[in-house]
Amino acid sequence: LQLLNGAHLALEPSDSSSEVHSLTAQAFSGDSDFVTNTDKIGTLHVGVNQVITIRQVSLYFPAHAKVYADGVLTLPSTVKWYATDNVVHGKLGGLQDLTMIKSTLDIKETGKSHTTPSHFQLSNFYLRQGSKLLMSDDVQYNLALYKLFVGASCEISAGKLSIEATEFESEEGGMINLNGN
């Protein structure tokens, strides 16, 4: 699957509210120069009762991810996002190691990594170069991690948040903001 020149990919919804539509891509790529020209980053939309599975990416995941309520985006176990804006109302699965560079991940009340809304479990989560993790809905969010790294000028912002991590590292200027602002 190739997503080029800032294109958007979405599956057409079904007339039946219970029918699940799925797409599996063995590999996923985008424009080779999206790192220097971020306007070329596409957007992958995963709607209600849709399951999109990406088995493999090259160095970076080349798209913004928009996962709507009751949608499922399953990614490879290791993913790097560069200059992307990602919103998760549904399930973001498969991930064990997530690195965000100049990116935003906005997890909504119904967002999850497994079965419980507002709960995310990863092995390693790295926020680098101004990345932000936003969890601003009025619910209790939970992050269960082996390692959490918050780089300089990076931020985790939530109103109510519990973090369980075996290893935690923050560079000077890295912030965990529990004001939800």
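For the structure itself, consult the block above.
Residues numbered from 1 in each chain as written. Predicted model: local features only at pLDDT ≥ 70, side-chain atom pairs only at ≥ 80, totals over all residues. Heavy atoms only, no water.

Colleague: Would you mind showing me how to read the overall build of the chain here?
Modeller: Within the chain, the secondary structure is distributed over zero helices and 18 strands. Its C-alpha atoms give the chain a radius of gyration of 16 Å, near enough to 16 Å, the size a compact globule of 181 residues would have. With the C-alpha coordinates of the chain rotated into their principal frame, the extents come out at 45 × 40 × 25 Å. Expressed as a percentage of its 181 residues, the buried residues of the chain come to 44%. Sequence separation of at least 24 residues holds for 36% of the intrachain contacts in the chain that already meet a minimum separation of 6. Positive and negative charge centroids in the chain, built from 12 and 19 side chains respectively, lie 3 Å apart. (Helix = DSSP H or I, 4+ residues; strand = E, 2+ residues; numbered from the N terminus. Rg over C-alpha atoms; globule rule 2.2 N^0.38 Å. Buried < 20%, exposed > 50% of the residue type's maximum accessible area, 1.4 Å probe, protein only. Contact = heavy atoms within 4.5 Å. Lys, Arg positive; Asp, Glu negative; His and termini not counted. Charge placed at Lys NZ, Arg CZ, Asp CG, Glu CD.)

Colleague: Explanation requested: the sheet that holds strand β8 (residues 72–74) in the structure shown.
Modeller: Note on sheets: strands pair through backbone hydrogen bonds, and any given pair is parallel or antiparallel. Pairing is parallel in the open sheet, where four strands are placed in the order β3-β6-β8-β11. Either end of the sheet is taken by a strand with one partner, and the two such strands are β3 (21–25) and β11 (91–93). If you compare each strand with its neighbour and ignore which way they point, the axes differ by 10° on average. With three bridges connecting them, strand β6 (residues 50–54) and β8 associate as parallel partners. Its bridge partner lying in β8, Thr53 is registered against Thr74. (Pairing = 2+ DSSP bridges. Axes fitted to C-alpha atoms, helices over the stretch in contact; angles between N-to-C directions.)

Colleague: What is the right way to read empty space enclosed by the protein from this model?
Modeller: One pass over the full model with this rule turns up one cavity of 30 Å³ or more. The calculated volume of the largest cavity comes to roughly 60 Å³. Along its surface, the largest cavity is lined by Leu92, Leu95, Leu98, Leu105, Ile107, Phe120, Leu122, Phe125, Leu133 and Leu143. For the lining of the largest cavity, the elements supplying multiple residues, two or more each, are β13 (104–107) and β16 (132–150). A per-class count over the lining of the largest cavity returns 10 nonpolar, no polar and no charged. (1 Å grid on protein atoms, 1.4 Å probe; cavity = no way out; pocket = protein on both sides within 12 Å on 5 of 7 lines; lining within 4 Å. Points joined across faces, edges and corners; volume = space filled by probe spheres on them. Nonpolar A, V, L, I, M, F, W, Y, C, P; charged D, E, K, R; others polar.)

Colleague: Just to check I follow, could you spell out the packing of aromatic side chains for this structure?
Modeller: Pairs of aromatic rings are described using the distance from one ring centre to the other and the angle between the two planes. Taken as a whole, this structure holds five aromatic pairs when the rule is applied. Where Phe34 meets Tyr60, the ring centres are 6.2 Å apart and the plane angle is 90°; that geometry is what we call edge-to-face. Taken together, the residues span a long stretch of sequence, with Phe34 in the loop between β4 (29–30) and β5 (42–46) and Tyr60 in the loop between β6 and β7 (63–67) at a distance of 26 residues. Grouping residues by exposure puts Phe34 and Tyr60 together as buried. A ring pair is formed by Tyr60 and Tyr82, whose centres lie 5.7 Å apart and whose planes are at 50°; its orientation type is tilted. Of this pair, Tyr60 sits in the loop between β6 and β7 while Tyr82 sits in strand β9 (residues 78–82), placing them 22 residues apart in sequence. For Tyr60, a relative accessible area of 18% puts it in the buried group. Cluster of aromatic residues (ring-pair linked, three or more members): Phe28, Phe61 and Trp81. (Phe/Tyr/Trp six-rings, centres within 6.5 Å; stacked < 30°, edge-to-face > 60°.)

Colleague: Got a minute to help me understand unusual backbone geometry in this structure?
Modeller: Its identity as a non-glycine residue notwithstanding, Ala83 has a phi of 55°, on the positive side. Along the chain, Ala83 falls in the loop between β9 and β10 (85–88). Owing to a relative accessible area of 18%, Ala83 belongs among the buried residues under this scheme. Although it is not a glycine, Lys102 sits at a positive phi angle of roughly 55°. Secondary-structure assignment places Lys102 in the loop between β12 (97–101) and β13.

Colleague: Please explain the pattern of salt bridges as it appears in this structure.
Modeller: Opposite charge on two side chains lets them pair, provided their charged atoms get close. The tally for this structure, following the rule as stated, stands at four salt bridges. Lys40 serves as the salt-bridge partner of Asp33, at 3.4 Å between the closest nitrogen and oxygen. On the basis of relative accessible area, Asp33 is assigned to the partly exposed category, the value being 30%. Owing to a relative accessible area of 22%, Lys40 belongs among the partly exposed residues under this scheme. Put simply, Asp138 and Lys160 hold a salt bridge, and the shortest N to O gap is 3.2 Å. (Salt bridge = Lys/Arg side-chain N within 4 Å of Asp/Glu carboxyl O.)

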